[in-house]
Amino acid sequence: MEKIVIDGGSRLNGSVGISGMKNSALPIIFASILVEDDCVIDNVPRVSDVFNALEILRSMGAKAEFCDLHTVCINTKNIGSQLGAKDLVCKMRASSYLMGALLSRFGKVEIPMPGGCNFGARPLDLHFKGFEKMGAVCEENQGFIRIVSKKKLNCNKITLDKISVGATINMVLALAGSKGTSVIENCAMEPHVDDLICFLNNCGADIKRIGTSVICKGDNRLKGTRYRIYPDMIEALTYLTFAGICKGQVHINGVVLQHLENEIRIFKKMGFDICADNDNLKIIAKDISGTSVVTAPYPGFPTDLHPQFAALLCFSNGGGTIKDIVFPTRFAYVNELLKMGAKIKQKENTVIIERSELFGAGLDATDLRAGAALIAAALGAQGKSEINNVNYIVRGYESIVDKIAAIGGKIKLVKGE
Ligand code: EPZ
C-alpha cells in the first residue's frame, strides 16, 4: 500500500495553485444526467472521487472523460437508468446525487447505499422526505435504495428539517427540470450549491436563491453548456493551516476571497499576516495564538476544516477548542494526533487542545480531512512520520504531495511493498 512519508520541521516558502472544488465537480458531473447534450466542465480536479463519478456515468452508457488536463467532456444522451459500476457508488457520498438526477430523468432510480467518509452516521432521511413530498415512493432495504415516481416530479414547497448540503443538492437536481414552480426552504448556502445552480442555469434552467430558499421554475428543456467550477475553498484553507504550522511565506493562488472571508478573519485574529489581492493570498505566519471555534453550515466555520484546524491549534500559543455541531462524531483523527504527543482531549462533540510538542509517528488516515490533518501535524512535528490509507487523501486533494514539496515540505509518496 502507498504511504506518505514526511520529515517535519521545514519552513514553507513559495506558491501553491488551488484546484477546482471537488464538492462542486461531483454534483455538476451527475447533473449532466439532466442534459441530453454535450457538457464541458472546466477546472475539474484530478481526484479519485471525480474519476469514479465519470466511470459511474460511463457504466450507464454516457461519454464522460477528461478531454483536457482539468476539463471534463460529458454526453449522457444515450444512458439507460441502470447503473453498472455499483461498487463505485458505494465508495462515495456524492453518489447520492444520482437519486435526484435519475429520478428527474427516468422517474425511477435503484442504487446501492452510497458510501463516503466514515465519521459516523450519514443518514439520507432528508433526501427521501423531499422526494416523497414531490410524489415519489422511496424504499430502502438490504443496502439498496429504490425510488419511483409515477408522474413528473413537482411540489410547491419543500422545507428541509435541517440544513443539508446533499439534500439541498438533490432537491435542486430533482426539480431543475420539473413542471411549475417549486420553493425549497432551509437550504444549505455552501458555494458548491451555488456552483450547481449556476451550471444548471447556464443549461437553461431557471433557479434562483433568495436567502436560504431556492426557487426552481421548471418547464425548461436543458441544453448543453461549457462551465468553469469554483476553486476549492477547503483546499485553500487547508494550505493556510499548513502555512500556519510551518511558518515561512506562502502564496495561495486562485481562490474566491468571498468564500474564505469568515475564516481569514479568524486566522488574522490568531496572528496570521494575510494580504489578499484579487484571487491570491500572501500568507506570512509567525507565532500564532490559539482560538475556539464552533462549526456551522456556510458561511460558518466549515466542518471540513475541523481536523486540520485541530492540528494547527497544537502549534498555537494557548491552544483552543473546536466544537463540531455538523458532524459531532468526526473525531477519529484525535487518536492519531495523540500518537504524536498532542495534548488533545475529546469531550462529546468538542476537542480541547493545548500547545503541544509533536513527534513523527506511524499514522493512519481515517477519512479525507483527517488525512489532511495528519499531513499538517507531520509537517510541523519533529522527525519522520508515515501516513497510511493515502487513498482517503487523494480522493479530495489533487497532487497534494507535489504541491507541498514544491513549497519546501519534505514529503514524498512511497509505493507500498
Ligand atoms: C457534504 O456532505 C460534503 N460532501 C461533506 O464534505 C461536508 O462535510 C458536508 O456536506 C457538510 O458541509 C460532499 O459534498 C460530497 P450534509 P453531506 O447533508 O451532504 C445530517 C468532504 O470532506 N443529515 O450537509 O453528506 C448529517 O448527518 C466531505 O469533502 C441528516 O440528518 O452533508 C449532518 O449532521 C466530508 N439527514 C448534517 O445533516 C440527511 O438526510 C449535514 O450533513 C442528510 C444529512
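Above this text you will find the structure in question.
Along each chain, residue indices are assigned from 1 in the same order as the chain's sequence is written. Local features in this predicted model are restricted to residues whose pLDDT is 70 or higher, and side-chain atom pairs enter the listing and the counts only when it is 80 or higher, whereas totals over whole chains, interfaces and linings include all residues. As a convention, hydrogens and water are excluded, and side-chain values are obtained from all of the structure's heavy atoms.

**Digging into the site of the ligand**
Then, in step 1: Around the ligand, the surrounding shell holds 24 residues, and the nearest of these are D125, S164, V165, D304 and V326.
Then, in step 2: Within the side chain of K22, an N or O atom sits 3.0 Å from an oxygen atom of the ligand.
Then, in step 3: Side-chain atoms alone can form a polar contact between residues adjacent in sequence; in general such a contact is a pair of N or O atoms within 3.5 Å, and within protein one must be able to donate a hydrogen while the other accepts it. One of the backbone nitrogen or oxygen atoms of G166 is found 2.8 Å away from an oxygen atom of the ligand.
Then, in step 4: Residue exposure ignores everything except the shown protein chains as possible cover, and the areas themselves are Shrake-Rupley values with a 1.4 Å probe. Computed on the free molecule, the ligand has an accessible area of 820 Å², of which 92% lies beneath the protein chains in the complex.
Then, in step 5: We count a stretch as a helix when DSSP gives it H or I for four or more residues in a row; a strand needs E for two or more, and each element gets its number in order from the N terminus. Counting only elements with at least two residues in the shell around the ligand, the list comes to helix 1 (22–31), helix 5 (125–133), helix 6 (165–175) and helix 12 (368–380).
Then, in step 6: Residues belonging to the shell around the ligand are distributed by class as follows: 11 nonpolar, 5 polar and 8 charged. Here a residue is near a molecule or strand as soon as one of its heavy atoms is found within 4 Å of it. Each residue receives one of three labels: charged for Asp, Glu, Lys and Arg, nonpolar for Ala, Val, Leu, Ile, Met, Phe, Trp, Tyr, Cys and Pro, and polar for the others, Gly being one of them.

**Section: the packing of aromatic side chains**
Then, in step 1: Side-chain rings of Phe, Tyr and Trp, where Trp is taken by its six-membered ring, are said to pair if the distance between their centres is within 6.5 Å; with planes under 30 degrees apart they count as stacked, over 60 as edge-to-face, and otherwise as tilted. All told, the structure shown has 7 aromatic pairs when counted by the stated rule.
Then, in step 2: Seen from their ring centres, F51 and F66 are 5.2 Å apart, and the 50° between their planes marks the pair as tilted. Of the two residues, F51 is situated in helix 2 (residues 48–59) and F66 in strand 4 (residues 63–68); the sequence distance between them amounts to 15 residues.
Then, in step 3: Exposure is judged per residue with a 1.4 Å probe applied to protein chains only, and the accessible area is read against the type maximum: over 50% gives exposed, under 20% gives buried, and values in between give partly exposed. Classification of F66 by relative accessible area gives buried; the value is 17%.
Then, in step 4: Summarising the aromatic geometry, the rings of Y239 and F242 are spaced 5.1 Å apart at their centres and angled 80° between planes, so their arrangement reads as edge-to-face.

**Things to note about unusual backbone geometry**
Then, in step 1: In this structure, the amide linkage connecting Y298 to the following residue, P299, adopts the cis form with an omega of 10°.
Then, in step 2: Unusually for a residue other than glycine, N278 sits at a positive phi of about 55°.
Then, in step 3: Locating N278 in the fold gives a position in the loop between strand 15 (272–277) and strand 16 (280–285).
Then, in step 4: The exposed category is assigned to N278, whose relative accessible area is 68%.

**Details of the state of the cysteines**
Then, in step 1: Criterion for a disulfide: a pair of cysteine sulfur atoms at a distance within 2.5 Å. Under the criterion given, the structure shown has 1 disulfide.
Then, in step 2: Between the sulfur atoms of C67 and its disulfide mate C73 the distance is 1.9 Å. What sets the handedness of the C67 and C73 disulfide is the S-S torsion sign, and at about 75° it is right-handed.
Then, in step 3: Left without a disulfide partner, C138 is nearest to the cysteine sulfur of C155, which lies 13 Å away.
Then, in step 4: Overall, the relative accessible area of 17% leaves C138 in the buried class.
Then, in step 5: Not engaged in a disulfide, the cysteine C198 finds its nearest cysteine sulfur in C203; these two sulfurs lie 11 Å apart.

**Considerations on the pattern of salt bridges**
Pairing between side chains of opposite charge can happen when the charged atoms of each approach one another.
Then, in step 1: Here, a salt bridge means any side-chain nitrogen of Lys or Arg that lies within 4 Å of a carboxyl oxygen of Asp or Glu. A full pass over the atoms with the stated rule returns 17 salt bridges.
Then, in step 2: Put simply, D42 and R226 hold a salt bridge, and the shortest N to O gap is 2.7 Å. Residue D42 is located in strand 3 (residues 38–42), and its partner R226 is located in strand 13 (residues 226–228); the two are separated by 184 residues in the primary sequence.
Then, in step 3: Take D42: its relative accessible area is 13%, and that puts it in the buried class.

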